[in-house]
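Here's the letter readout for the chains.
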Amino acid sequence: MKGTIVIALQDLVKNKFGQENWTDILKKSNLPEDNVFYSHYDIDDKIVMTLLQNTCEVLNMTLEQTAEVYGNYWMNEYAPKKYFAFFVRKKTAKEFLLEMNRLHSKITNKIKNARPPKFEFEELEDNKIIMSYYSARNLELIWIGLIKGVGTYFNEDIKIKKLGRSKVELTFS
Ligand code: HEM
């Protein structure tokens, strides 16, 4: 997975939970303490999953809690600075989410091995959509955490109703 995903995790842990926790996570993951990740490089999915799992262990949080904190950090602190171009002109959470296929393929089209997630949308009403998530990585909890982060960014309350493992109904208000 693209290095930026791990850099956001690293920044989140360092800034919100302290450098020593990130050092512990690296050690537990058998990576050197001074390990440097590059945003545009591909990092083996196994390493990403190990780092995520060890983040949960070191911070004593469930994957669901980590996913929520990560989604919030990505959408409200990391991405608006690093990927500001995707945020201009977007006025609502729904509008932003409907762009996610285009954004992910655009941002990964030059990266070797990138396999960005895919989404399917069904618009039920003006403020209600069904969103499905497709990825062999099965990071459903991260997906939900990011949807919540989108709600926070646009200052909207998004009601999330699970319709299946990777299918949700979203109501925007
Ligand atoms: C400006 C906003 C965003 C940017 C720049 C962005 C970019 C990326 C990039 C570069 C990856 C790594 C893909 C790869 O290496 O294959 C990724 C992964 C992912 N993104 Fe986003 N993303 C954004 C917002 C979102 C949002 C709002 C959602 C959910 C609604 C989302 C869902 C995911 C998931 C679940 C993954 C993990 C990979 C997987 O499941 O296969 N992203 N994103």
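Everything below is about the structure printed above this text.
Attention here is on the structure that accompanies the text. (Residues numbered from 1 in each chain as written. Predicted model: local features only at pLDDT ≥ 70, side-chain atom pairs only at ≥ 80, totals over all residues. Heavy atoms only, no water.)

1. Focus: the overall build of the protein
The secondary structure content of the protein amounts to 7 helices and 4 strands. Across the protein, helices and strands are ordered from the amino to the carboxyl terminus as α-α-α-α-α-α-β-β-α-β-β. Here the C-alpha radius of gyration of the protein, 16 Å, is about what a compact globule of 173 residues would show, namely 16 Å. For the protein, the spread of C-alpha atoms along the principal axes amounts to about 50 × 35 × 30 Å. (Helix = DSSP H or I, 4+ residues; strand = E, 2+ residues; numbered from the N terminus. Rg over C-alpha atoms; globule rule 2.2 N^0.38 Å.)

2. With respect to the environment of Tyr 134
Following the sequence through the fold, Tyr 134 ends up in strand β2 (residues 128–134). Spatially, the C-alpha atom of Tyr 134 lies 35 Å from that of Glu 20, the residues being 114 residues apart in sequence. Setting aside residues up to four positions removed in sequence, Tyr 134 forms contacts with Pro 117, Lys 118 and Glu 120. (Contact = heavy atoms within 4.5 Å.)

3. Regarding the coordination of the iron atom of the ligand
What the protein offers the iron atom of the ligand as a donor is a single atom, His 104 (NE2), at 2.0 Å. Its place among the elements puts His 104 in helix α6 (residues 100–108). (Donors = N, O, S within 2.8 Å, 3.2 Å for Na, K, Ca; no water.)

4. Some remarks on the packing of aromatic side chains
In this structure the tally under the stated criterion is 10 aromatic pairs. Ring geometry for Phe 119 and Tyr 133: centres 6.1 Å apart, planes at 35°, overall tilted. A residue pair is termed long-range when its members are at least 10 positions apart, and Phe 119 in strand β1 (residues 118–125) and Tyr 133 in strand β2 qualify at 14 residues. Look at Tyr 153 and Phe 154: their rings are 4.8 Å apart centre to centre, the planes differ by 80°, and that puts the pair in the edge-to-face class. Here a set of aromatic residues connected by ring pairs shows up, and it is made of Tyr 70, Trp 74, Tyr 78 and Tyr 83. (Phe/Tyr/Trp six-rings, centres within 6.5 Å; stacked < 30°, edge-to-face > 60°.)

5. Structural notes on the environment of Ala 79
When you line up the elements, Ala 79 lands in helix α4 (residues 63–82). Counting along the chain gives 75 residues from Ala 79 to Thr 4, while the straight-line C-alpha distance between them is 9.7 Å. Sequence-distant contacts of Ala 79, defined by excluding residues within four places in its chain, comprise Trp 74, Phe 84 and Phe 87.

6. Section: the packing of α4 against helix α7 (residues 140–153)
The interhelical angle for the contact between α4 and α7, taken along N-to-C directions, is 45°, at an axis separation of 7 Å. By the angle class used here, α4 and α7 are oblique. Judged by the sense of rotation from one axis to the other, the crossing of α4 with α7 is right-handed. Here Leu 63, Glu 64, Ala 67, Glu 68, Tyr 70, Gly 71, Asn 72, Trp 74, Met 75, Asn 76 and Pro 80 of α4 come into contact with α7, specifically with Leu 141, Ile 142, Gly 145, Leu 146, Lys 148, Gly 149, Val 150, Thr 152 and Tyr 153. Partitioned by chemical class, the residues of the contact of α4 with α7 number 11 nonpolar, 6 polar and 3 charged. (Axes fitted to C-alpha atoms, helices over the stretch in contact; angles between N-to-C directions. Parallel < 35°, antiparallel > 145°, perpendicular 65-115°, else oblique. Left-handed = near helix turned anticlockwise from the far one by under 90°. Nonpolar A, V, L, I, M, F, W, Y, C, P; charged D, E, K, R; others polar.)

7. What to know about the site of the ligand
In the neighbourhood of the ligand, 29 residues make up the surrounding shell, with Lys 2, His 104, Tyr 133, Ser 135 and Arg 137 lying closest. Between His 104 and the ligand, the recorded distance is 2.9 Å, taken from a side-chain N or O atom to a nitrogen atom. Within the side chain of Ser 135, a nitrogen or oxygen atom sits 2.5 Å from an oxygen atom of the ligand. Elements that contribute at least two residues to the shell around the ligand include exactly α1 (3–17), α4, α5 (93–98), α6, β2 and α7. When grouped by side-chain class, the residues that make up the shell around the ligand number 22 nonpolar, 4 polar and 3 charged. (Near = heavy atom within 4 Å. Polar contact = N/O pair within 3.5 Å; in protein donor to acceptor, adjacent residues only side chain to side chain.)

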